[in-house]
Every structure is written in structure tokens, then in C-alpha cells.
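Coordinate inspection notes
Next come the chains, spelled out residue by residue.
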Amino acid sequence: MSSKEICPVRKAVFPVAGLGTRFLPATKVMPKEMLPINDRPLIQHVFEEAREAGIEDFIFVTGRQKEMLEEHFDYQPELEKTLESRNKTDMLKKVRDSEMPAGRLFLTRQPRPLGLGHAIWCAAKLVGNEPFAVLLPDVLMKGPEACLKQMTDVYNKTGGNIIAVEEVPDEETYKYGILDTDNPDDEIMKVKNLVEKPEPGTAPSNMSVVGRYILQPEIFKHLSAFETGAGGEIQLTDAMAKLIDGESFHAMRFNGKSYDSGSRLGFIEANIAYGLSDPEIGEGVKELLKQYK
Ligand code: UTP
């Protein structure tokens, strides 16, 4: 495919309708995606990543008790006025930077959390017939450049479908979606197969799929079969596996490190990592950690 024919990625889907059971009771009322890593909620981290990659339309797949997510990106006049009157210009800048551009936030609902694949299917009408990105808000990707930007750079050369992958220890492959490829040493690998949570000792590689995807709209055809997979849920990985034969499908080794902030340990690690690299509090966090050795 020549680069002229590649349709640019303008839309991103953020599935935020899950129950966040691993964080109960914190997530009894508050959405998991509002949990803060350093000074901003998970959902804002991924919004910023998508924005850096040139995404124009932001599609949230929400559910019950998730209204706080859309509120977060709204204009907050009282707050802004108060900050202005107190000359808190830095804070004001941060607040304004978390505002969604007018007319760019789209919401759809997933009435029941039937799985990630089902959540993405719920966005089909809003995505339409064009390629789109998917960002899981509970996975943060920290690197020299936004992960989705790294992916769109690859996509603009290859087209098709792209997933980000990262190496995990061999004994942990059973927890993840795992890549099968014939060229595992390359930066950009051809996807031969994807296996969701392989039995220990059967993983085709140690490269896990890490929550960032660029997909062609053909995926909706496979998702609409509503087939359940691992855990009785409608899995995105299963539908992606069906795209492999018909479509160009690549895996990109992400330059950076992922943080599974949907688990309690990963959440604490992410807060340490983002805190350490924050110019305002980094030194303080470093000093603090010395006390816990
Ligand atoms: P997770 O499986 O990590 O989220 O899905 P969860 O199910 O909310 O968490 P636990 O396991 O109960 O603690 C990754 C992302 O996909 C969304 C979640 O909101 C999360 O952001 N998701 C998951 C949906 O939108 N719908 C679903 O049916 C499942």
C-alpha cells in the first residue's frame, strides 16, 4: 500500500465502562479511571497521549456512575475564576489544559460490562468506516515519546492494524495477551497470531500486548459475533486474531515502559515512577523512598 492510500487515524476509543473490582471499595462510586497518578487521573494521562498523537475525536465508552469522567474534561468557570482572582496562573494553566476541545468528546454507553471486545463494539457507530485507536486508560505508557505517537508513525508507513508490545518475564506470560511472530528480534514485527492468557509453558513468545491498538473498522464485523473467550468475556484479542489473515497486522516494540495501573501494585509503582520524574516533587519522592529501604 502506498503512503498516499493510508487513511489517517483521527479517532480514539477509551473504554471506561468496567467495574474496577480490583480497587474496591475505592471504586464503589468513583470510576477507576479517575484514580490519580501523580497530579492527574488515569483518563487524563491517556487523553494527553492521544492528543500528542494527533487524535481529533475522543470517544468514551462509559457505563453507570461514570459521569465524573466527562465532567473532568469540561469547562469549570467557578474554579477558573477563583484561581484567576488568586493569581494561581500555573494551576489555571493545568486546569485549562485538561479541557476537551469543543465538540470533540463523544459518549456512548456499554450497558453491561461484557468484556473489552464488547465495549469497543459499542463505539462502532461513532467510529464509522475508518481506522481508529484504542487506549486502555488503566495502562500508562511512559517513554520519550507518547506510545500512540510512536504507533501512528509506524502506521503512516505500514497502514493496517498495529499493536504495541512489551517483553514480560517468561513465568508471567499466562497473565497477558501474547504475540506469536516469525521475526521476534525486529522492532516492527509481523503478527502471526495472538493468544489470550496462554497456559503456563505454552506461550509463543514473551511479548505481551499492552493496551494500545490501531485497528481497521473490519474489526467490528468480528466483534459483532459476540463470541465469548477467556473469563467468559467478549475479548478484543479474539476478534483481532481473526483480522490477521486478511489484513496487514504489525506489532511495535514500545520504546518505554508500561504501568498496569489497574492493579494495586502497578498503581503504586506508577505513582512512584511519575512522581520521580516530576520536576516539582521528584527529589522529594527520591528522599522519601530512602526511608523505606
Ligand atoms: P479491565 O479488565 O482492566 O477493567 O479493563 P475492569 O474490568 O474495570 O477491572 P477489574 O478487573 O474489575 O479490576 C480495561 C479497560 O477496559 C474497560 C475498563 O473500564 C478498563 O478501563 N472495560 C472493561 C470496559 O469498558 N468494559 C468491559 O466490559 C470491560
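Before reading on, note that the structure itself is shown above.
First, a word on what this report is: a plain description of the structure on this page. Not measured: the values here are computed from a predicted model.

All right, on to the overall build of the protein chain then. When helices and strands are tallied, the protein chain shows 11 helices and 14 strands. Whereas a compact globule of 293 residues would reach a radius of gyration of roughly 19 Å, the protein chain reaches 19 Å, a difference of no more than 12%. Referenced to the eigenvectors of the C-alpha coordinate spread, the extents of the protein chain come out at roughly 60 × 50 × 40 Å. Classification of the 293 residues of the protein chain by burial places 47% in the buried group. Sequence-distant contacts, at least 24 apart, represent 76% of the contacts inside the protein chain between residues at least 6 apart. Approximately 15200 Å² of the protein chain is accessible, and the part contributed by carbon and sulfur atoms is 52%. Taking the average place of the 36 positive charges on the side chains of the protein chain and the average place of its 46 negative ones, the gap between the two points comes to 4 Å.

Next up on the list: the site of the ligand. With respect to spatial proximity, 18 residues lie near the ligand, and among them Ala17, Thr21, Glu33, Gln110 and Asp138 are the closest. Here an oxygen atom of the ligand sits 2.8 Å away from a polar atom, N or O, in the main chain of glycine 20. Within the complex, 85% of the 570 Å² of free accessible area of the ligand lies under protein. Split into classes, the residues belonging to the shell around the ligand amount to nine nonpolar, five polar and four charged.

Thresholds, definitions, all that
- Residues numbered from 1 in each chain as written.
- Predicted model: local features only at pLDDT ≥ 70, side-chain atom pairs only at ≥ 80, totals over all residues.
- Heavy atoms only, no water.
- Helix = DSSP H or I, 4+ residues; strand = E, 2+ residues; numbered from the N terminus.
- Rg over C-alpha atoms; globule rule 2.2 N^0.38 Å.
- Buried < 20%, exposed > 50% of the residue type's maximum accessible area, 1.4 Å probe, protein only.
- Contact = heavy atoms within 4.5 Å.
- Areas by Shrake-Rupley, 256 points an atom, 1.4 Å probe, with all protein chains shown as cover.
- Lys, Arg positive; Asp, Glu negative; His and termini not counted.
- Charge placed at Lys NZ, Arg CZ, Asp CG, Glu CD.
- Near = heavy atom within 4 Å.
- Polar contact = N/O pair within 3.5 Å; in protein donor to acceptor, adjacent residues only side chain to side chain.
- Nonpolar A, V, L, I, M, F, W, Y, C, P; charged D, E, K, R; others polar.

Functional significance is not addressed by these values, which are geometric in nature.
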